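Close look at the chain arrangement
This is what each chain is made of:
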Amino acid sequence: MRLTQLDISKIVPNPDNPRGIDIQTEDEKLSYLKDSIKHFGVMVPIVVSQRGDGYQLIDGERRLCACRALGLKKMPAFVLDEEGALSDKDILFRMFQIHHNREQWGPVQQCRALEALYNSIARSQTIRSVADERARLKAIAEELVKATGIEERTALTRIYFLRWPSAIKQKLYDHPGEEGYWYICEIEEKIIIPALVNYPEYFQKVPVEEVRSDLFQKLEEHSVEKSTDVRRVAPFFRAAMPNATAKKRVKGILSELHSRKEMTYAEAQDEFVHAF
């Protein structure tokens, strides 16, 4: 195997690639890959097998497509064999080995990698000077997008998680769990942020970290079946209640929801419906 710069015009996509879509027209994330290659180049070489004067692609279809779209003439590649020594069966086997054994970072692993960058951005004077809660989150997300190239919506969900207490984040870093991650994101987006915007006075008496920790314990104590249970109460926190009596009732149910670990979101929803 050798690493070299190949003429892109000589690289032919593998007809057996199982991706199953037209990357140029159907891959919604191709633009992000093109931006990355435009700014940093191809950081991971493709893998090819030599076929006469040309090369058959084994791994790197999206990278090849992005480079062609950018009008590049050459790109880095690992040539597995010289002069077509590998059979089609050998190539197919290697394709499966590459793709089956490639383990992508999950959301929790990404958050762990972003932790230091997030802290640096969030603690900067520029960000801290933004008074509006949602505007501040958007500004942080924009900085993460600039630094990493991830989508803004993805950046926002990573921020939802990264805002949480270190002890809870560490639990998931040690034992990554998708349900725990999405449950945290649901709480942050559907309860914490709207409550901080509409009922900031509540958090002058009860630290927001305490509310987060209490709500997370519901998952640990099996008071939550799935992360989307949180959505049952979301409309009541998104709404800015018109008078002091209504606001007091919302804050009362919030207090009950996070302090009573056994209380389900369905029960909290019932209390909201009864109150309003």
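Now for a description of the structure that goes with this document. In this text, all values refer to a predicted model and were calculated from it rather than measured experimentally.

With that settled, the discussion passes to the packing of helix α8 (residues 152-162) against helix α10 (residues 178-198). Relative orientation of the contacting elements α8 and α10 amounts to 90 degrees, with a least axis distance of 8 Å. Overall, the two elements α8 and α10 adopt an arrangement that is roughly perpendicular. Facing Arg153, Thr157, Arg158, Tyr160 and Phe161 of α8, the residues of α10 in contact are Tyr181, Trp182, Ile184, Cys185, Glu188, Glu189 and Ile193. A breakdown of the residues in the contact of α8 with α10 according to their chemical character gives 7 nonpolar, 1 polar and 4 charged.

Moving on: the side chain of Gln50. With respect to the secondary-structure elements, Gln50 resides in strand β3 (residues 46-51). Within the structure, the side chain of Gln50 is placed 3.3 Å from the backbone oxygen of Gly52, a separation counted as a polar contact.

Let's shift gears to the sheet that holds β3. Spatially, 5 strands are ordered β1-β5-β3-β4-β2 in an open sheet, and the strand pairing comes out mixed. Edge strands, defined here as strands with exactly one partner in the open sheet, are β1 (2-7) and β2 (11-12). Bridging between β1 and strand β5 (residues 74-79) involves 6 bridges; their strand directions are antiparallel. Across the sheet, Gln5 pairs through a bridge with Pro76, a residue of β5.

For the structure on display, the rule yields 9 aromatic pairs. On the numbers, 4.8 Å between centres and 80 degrees between planes, the contact of Tyr181 with Trp182 is edge-to-face. Taking relative accessible area as the criterion, Tyr181 reaches 0% and is therefore assigned buried. Members of the aromatic cluster, connected to one another through ring pairs, are Phe161, Tyr173, Tyr181 and Trp182.

Turning next to helix α9 (residues 166-174). Given 3.6 residues to a turn, an α-helix orients residues that are three or four positions apart in the same direction. For α9, the full list of buried residues reads Ile168, Lys169, Leu172 and Tyr173. With its buried residues spanning 140 degrees around the axis, α9 presents them on a single face. Among the exposed residues of α9, those oriented more than 90 degrees off its buried face are Ser166 and Ala167. Buried residues in α9 make contact with α5 (107-122), α8, α10 and α11 (208-220).

For Ser31, the position within the fold is in helix α2 (residues 30-40). You can call Ser31 partly exposed: its relative accessible area is 35%. Residues Ser31 and Ala66, spaced 35 residues apart in sequence, show a C-alpha to C-alpha distance of 8.0 Å.

Cut-off values and rules
In this convention, every chain numbers its residues from 1, walking through the sequence in written order. Only residues with pLDDT of 70 or above have their local features reported here, since the model is predicted, and side-chain atom pairs are shown and tallied only from 80 upward, although totals for entire chains, interfaces and linings are computed over all residues. For side-chain calculations, the full set of non-hydrogen atoms in the structure is used, while hydrogens and water are omitted. Only C-alpha atoms enter the line fits that serve as axes; for helices the fit covers just the stretch in contact. Angles between N-to-C directions range over 0 to 180 degrees. Numbering of helices and strands starts at the N terminus; helices are DSSP runs of H or I of at least 4 residues and strands are runs of E of at least 2. The cut-offs work like this: below 35 degrees is roughly parallel, past 145 is roughly antiparallel, 65 to 115 is roughly perpendicular, and the gaps in between are oblique. Between two residues, a contact is recorded if the distance between any of their heavy atoms is within 4.5 Å. Amino acids are sorted into nonpolar (Ala, Val, Leu, Ile, Met, Phe, Trp, Tyr, Cys and Pro), charged (Asp, Glu, Lys and Arg) and polar (every other residue, Gly among them). Whenever two N or O atoms come within 3.5 Å, that pair is a polar contact, provided that in protein one can donate a hydrogen and the other can accept it, and provided that, for residues adjacent in sequence, both atoms are side-chain atoms. Strand pairing is assigned whenever DSSP detects at least two bridges linking the two strands. Two aromatic rings, drawn from Phe, Tyr or Trp (for Trp, its six-membered ring), form a pair once their centres lie within 6.5 Å of each other, and the interplanar angle then sorts them: stacked below 30 degrees, edge-to-face above 60, tilted otherwise. When a residue's accessible area, from a 1.4 Å probe over protein chains only, is under 20% of the maximum for its type it is buried; when over 50% it is exposed; and in between it is partly exposed. When we speak of the arc, we mean the arc of directions from the helix axis to the C-beta atoms.

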